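# Survey of secondary and tertiary structure
Now for the letters of each chain:
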Amino acid sequence: MKSAILEDMVENFSWHQDQLALHTLTLSDLFHEPSLDQHLTRLTTEFGSPTRAHAASMTAKRIGYIAALMIYARNKHAVLIHPKVCTFVTIAKESTNTSWTPVYSFPLETAEPRQSTVEWITQELYAQTVVPIVELLAKERGISRVVLFENIFIYIKWIFISKLQDNITFQQLIESSALEFGVKKLHPIALYESGRSTLRKTCCLYYQTHDAVKACKTCPR
């Protein structure tokens with residue numbers, strides 16, 4: 001069973017499989033301001049981020065991607081997910097001017113879910129993990145929570161609509177209150193949902209990446 005899950009993750013996602021690592025970073029590391037500061041500094045000195053705001057935004061996009069992988073693994077394969085141990089692995093082939101494109105990893109052990117998908121996403125993934133990290137990233141000048149949450153949202157929508165084809169659960173997330181996600185006003189899902197439109201509401205700053213030809217196709221700029 002585990003081999004089948006691994007094969008699926010390797011085939012369909014940017015999954016870590018025995019690549020030589022330059023360094024690793026867990027979601028738990030991002031809770032600690034010294035580790036987060038070191039990470040953002042690395043992105044501005046080694047990985048093509050011109051500012052710490054840009055580095056914070058790219059970090060939120062990677063968090064969005066690994067959050068999507070967690071949701072997929074949990075829903076598709078009943079993988080037991082502990083978000084804070086999920087790991088970003090920067091591999092040897094990655095160098096400068098990449099805007100930091102790691103591969104991803106977390107344990108692929110299975111267990112019967114004790115919470116519904118909506119409860120797990122709102123309470124454990126967002127309230128206990130994503131929201132606290134976004135609050136720290138938003139301390140950087142030049143980046144806002146609105147941008148950071150949309151960076152994560154685009155991957156949440158992608159995994160539900162394109163990969164899991166589960167519009168019902170996605171709609172339930174939209175209808176859940178902001179408080180259930182651990183925020184008071186800024187709903188991290190409903191604020192950005194616009195049906196069939198793929199155009200973002202905010203710019204993620206990717207266009208500022210060194211050697212970026214232009215803005216993303218879905219950018220509102």
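Scroll up a little and you will see the structure.
Residues numbered from 1 in each chain as written. Predicted model: local features only at pLDDT ≥ 70, side-chain atom pairs only at ≥ 80, totals over all residues. Heavy atoms only, no water.

### A few points about the packing of helix 3 (residues 52–77) against helix 4 (residues 117–137)
The contact between helix 3 and helix 4 brings their axes to 12 Å, and the two run at 165 degrees. Viewed along their axes, helix 3 and helix 4 adopt a mutual orientation that is roughly antiparallel. By crossing handedness, the relation of helix 3 to helix 4 is classed as right-handed. Between helix 3 and helix 4, the residues in contact are Ala56, Thr59, Ala60, Ile63, Ala67, Met70, Ile71, Arg74 and Asn75 and Thr117, Trp120, Ile121, Leu125, Val130, Ile133 and Leu137, respectively. (Axes fitted to C-alpha atoms, helices over the stretch in contact; angles between N-to-C directions. Helix = DSSP H or I, 4+ residues; strand = E, 2+ residues; numbered from the N terminus. Parallel < 35°, antiparallel > 145°, perpendicular 65-115°, else oblique. Left-handed = near helix turned anticlockwise from the far one by under 90°. Contact = heavy atoms within 4.5 Å.)

### A word on the sheet that holds strand 2 (residues 87–91)
Pairing within the open sheet is antiparallel, and its 3 strands lie in the order 1-2-3. Single-partner strands in this sheet number two, and they are strand 1 (21–26) and strand 3 (103–105). On average, adjacent strands in this sheet sit at an angle of 25 degrees to one another, irrespective of strand direction. (Pairing = 2+ DSSP bridges.)

### A closer look at the pattern of salt bridges
Going through the model one piece at a time under the given rule, you end up with 6 salt bridges. Notably, a salt bridge pairs Arg145 with Glu135, separated by 2.9 Å at the nearest N-O pair. Of the two residues, Arg145 is situated in helix 5 (residues 145–163) and Glu135 in helix 4; the sequence distance between them amounts to 10 residues. Residue class for Arg145 comes out partly exposed when judged on its relative accessible area of 38%. According to the relative accessible area criterion, Glu135 is partly exposed, its value standing at 30%. Between Glu150 and Arg200 there is a salt bridge, and its shortest N-O distance comes to 3.9 Å. With a gap of 50 residues between them, Glu150 in helix 5 and Arg200 in the segment after helix 6 (167–175) connect regions that are remote in the sequence. Here Glu150 matches Arg200 in class, with each residue buried. Here the salt bridges do not stand alone but share partners, grouping Asp37, Arg52 and Glu140 into one network. (Salt bridge = Lys/Arg side-chain N within 4 Å of Asp/Glu carboxyl O. Buried < 20%, exposed > 50% of the residue type's maximum accessible area, 1.4 Å probe, protein only.)

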